[in-house]
Amino acid sequence: MADNFRDYNLNQEQKAIRAKYPPVKKKYEYLDHTADVQLHAWGDTLEEAFEQCAMAMFGYITDTETVEPLDTVEVEIEGHDMLSLLYNFLNEWLYKFSADQFFIPREVKVLSIDRMSFKIRSIGWGEEFSLPKHPQGTEVKAITYSAMQIHEDEKPEVFVIIDI
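Not measured: the values here are computed from a predicted model.

Conventions and cut-offs
- Residues numbered from 1 in each chain as written.
- Predicted model: local features only at pLDDT ≥ 70, side-chain atom pairs only at ≥ 80, totals over all residues.
- Heavy atoms only, no water.
- Phe/Tyr/Trp six-rings, centres within 6.5 Å; stacked < 30°, edge-to-face > 60°.
- Helix = DSSP H or I, 4+ residues; strand = E, 2+ residues; numbered from the N terminus.
- Buried < 20%, exposed > 50% of the residue type's maximum accessible area, 1.4 Å probe, protein only.
- Lys NZ or Arg CZ within 6 Å of the ring centre and 35° of its normal.
- Core = buried A, V, L, I, M, F, W, Y, C linked by side-chain atoms within 4.5 Å.
- Contact = heavy atoms within 4.5 Å.

Some points on the packing of aromatic side chains
Thought 1: Across all of its chains, the model carries eight aromatic pairs by this definition.
Thought 2: Relative to Phe 89, the ring of Phe 50 has its centre 5.8 Å away and its plane inclined at 40°; by these criteria the two rings are tilted. Highlighted residues: Phe 50 in helix H2 (residues 46-61) and Phe 89 in helix H3 (residues 82-100), separated in sequence by 39 residues.
Thought 3: Given the relative accessible area of 0%, Phe 50 is considered buried.
Thought 4: Overall, Phe 89 belongs to the buried group, its relative accessible area being 0%.
Thought 5: Ring centres 5.3 Å apart and planes at 75° place the aromatic pair Phe 97 and Phe 129 in the edge-to-face group. You can see Phe 97 sitting in helix H3 and its partner Phe 129 sitting in the loop between strand E5 (119-128) and strand E6 (142-143), a full 32 residues away along the chain. Like Phe 129, Phe 97 is buried.
Thought 6: The cationic tip of Lys 155 hangs over the ring face of Trp 42; the distance from NZ or CZ to the ring centre is 5.2 Å.

Observations regarding the nonpolar core
Thought 1: Phe 50, Leu 86, Phe 89, Trp 93, Ile 143 and Val 158 are the most contacted members of the largest nonpolar core, which has 43 residues in total.
Thought 2: For this core, the elements supplying multiple residues, two or more each, are strand E1 (28-32), strand E2 (37-42), H2, strand E3 (71-78), H3, strand E4 (103-114) and strand E8 (157-163).
Thought 3: At eleven residues, the largest contribution of residues to this core is made by H2.
Thought 4: Excluding residues within four positions of it along the chain, Phe 89 makes contact with Phe 50, Ala 54, Ile 77, Val 108, Val 110, Ile 120 and Ser 122.

And the structure:
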């Protein structure tokens, strides 16, 4: 059964931050997987599907609606095909959170995907992760290639398994 809502038992300060900003658009769900979690994200464009996949990953880590858009971080990466592009995109955003700046975005926007040279430009709005401010979800250890899929049909969607 899909877990489409994560209960973080927010404190009053976290609820106040959620109330301060408009709700974040969520076009993703969590699908059960044996030891990990499968992210399923979609959008009107492939860019939006990638954005939603990144936000699904961060939504597993914390309630992203408790994040204030106080700072911006840009991520530009490349791959050798579309699957490696998606992998590298998510991996770089995870690096910004876990190793580089402890940056947690409220929103990620893909500015462009170059399908010929397999490059992506994106920006995120958020702040430094802080346990007193942001509820703790589940740590994401790694992105995997296992069962990774990109569908660019009439409703672009992506499937990614994350190691938790």
